Amino acid sequence: MAFVVAASHVGVAAHVLALTAAILVVVWVVHFGGGANLNSDDPDLIFNVHPLVMVLGFILVIGEAIMAYKTVPSQRSVQKRVHMLLHLVALGLGILGIHAAFKFHRESQTPNLSTLHSWLGISTICLFALQWALGFLYFWFPGGAPPVRAMMAPVHSAAGVAVFLMAICTAETGLMQKGGGGPGPETRLINFAGLILLLFGLFVCLSTAIPRIISI
């Protein structure tokens, strides 16, 4: 029972961290970046769509999707549906975020895929799309045979957490790359955002691990 309560508290903490990260990124983009507009003539406003969408619409949504089996108070079939749909939303928004980055590079005449952040980002979105497609085929439609699903479930779960942590690492390198350029309020805000994102990733992983510890 104590483990169940602990898992619940970890889930609540993860939600609070997600909300905090969202607020920090919105403040950064709006207050320090001047807003975000994918159709702007200003390349900086185009770029600002990227961190906004990738953090709020990709990383945070993936984290909520991972925790859906623990946080959605409903039957497992409903939890499964929420898990799949949230991941699909994250994939769509992740693609939008990648598009914003490429458009920024085109408008500002800077080369694409020239940094570690961009390499990690492309690898993460490709692996995430593959993970979602395989999960859909094995666990949704047409669905694998019960023995196959039983064999694939731990692999799918572990791979999902690994890709999620890759997304966290990608965000951290992006925040470092787009830092405020020196000591000051913007740099401190970016550093706090990176720290909160890291803690969010850890708490998401803990929220899924604690119930498994009970069953071992």
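Sequence order as written defines residue numbering, which begins from 1 separately in each chain. In view of the model being predicted, local features appear only for residues whose pLDDT reaches at least 70, and side-chain atom pairs are presented and counted only at 80 or more, with totals across whole chains, interfaces and linings using the full set of residues. Values shown for side chains rest on all heavy atoms present in the structure; no hydrogens or waters enter the calculation.

As named in an unreviewed UniProt entry, the protein chain is Ascorbate-specific transmembrane electron transporter 1, taken from Platanthera guangdongensis. The heading Cofactor (unreviewed entry) in the UniProt record of the protein chain holds the text "heme b". UniProt positions are given in the numbering used here, feature names are shortened, and annotations may be inferred rather than shown by experiment.

Draft legend 1. The overall build of the protein chain, seen in detail. Strands are runs of DSSP state E lasting at least two residues, helices are runs of H or I lasting at least four, and both sets are numbered from the N terminus onward. Summing up its helical and strand segments, the protein chain has 6 helices and 0 strands in all. Counted from the first residue to the last, the protein chain has its helices and strands arranged as α-α-α-α-α-α. Taken over the C-alpha trace, the protein chain has a radius of gyration of 18 Å; the compact-globule value for 216 residues is 17 Å, and the two agree within 12%. The buried share of the protein chain, reckoned over its 216 residues, is 40%. Radius of gyration here uses only the C-alpha atoms, and the compact-globule reference equals 2.2 Å multiplied by the residue count raised to the power 0.38. Note on classification: 1.4 Å probe, protein chains only; a residue is buried when its accessible area is under 20% of the maximum for its type, exposed when over 50%, partly exposed between these limits.

Draft legend 2. Up close: the packing of helix 2 (residues 43-71) against helix 3 (residues 76-108). Here, axes are lines fitted to C-alpha atoms. For helices the fit covers the stretch in contact, and angles between N-to-C directions go from 0 to 180 degrees. Orientation of helix 2 relative to helix 3, taken along the N-to-C sense of each, is 165 degrees, at an axis distance of 8 Å. The angle between the axes of helix 2 and helix 3 places the two elements in the roughly antiparallel class. Our pair here, helix 2 against helix 3, has a crossing hand that is left-handed. To sort the angles, those under 35 degrees are grouped as roughly parallel, those over 145 as roughly antiparallel, those from 65 to 115 as roughly perpendicular, and the leftovers as oblique. Left-handed describes a crossing whose near helix is turned anticlockwise from the far helix through less than a right angle; right-handed describes the clockwise counterpart.

Draft legend 3. Here's a closer look at the packing of aromatic side chains. Two rings from Phe, Tyr or Trp (for Trp, the six-membered ring) form a pair when their centres are within 6.5 Å of each other. A pair whose planes differ by under 30 degrees is stacked, one over 60 is edge-to-face, and the rest are tilted. Counted according to the given criterion, the structure contains 4 aromatic pairs. Where tryptophan 132 meets phenylalanine 136, the ring centres are 5.3 Å apart and the plane angle is 15 degrees; that geometry is what we call stacked. With tryptophan 132 and phenylalanine 136 both in helix 4 (residues 116-139) and 4 residues apart, the pair spans about one turn of that helix.

Draft legend 4. Structural context of helix 4. Taking 1.5 Å of rise per residue, 24 residues should cover 34 Å, and helix 4 covers 33 Å from first to last C-alpha, within 8% of that figure. Those residues of helix 4 that fall on the buried side of the exposure criterion are His117, Ser118, Gly121, Thr124, Ile125, Phe128, Gln131, Trp132, Gly135 and Phe139. By the convention used here, residues are in contact when the closest approach between their heavy atoms is within 4.5 Å. Summarising the contacts, the buried residues of helix 4 are in contact with helix 2, helix 3 and helix 5 (146-177). Expected span, for any helix, means 1.5 Å times one less than how many residues it has.

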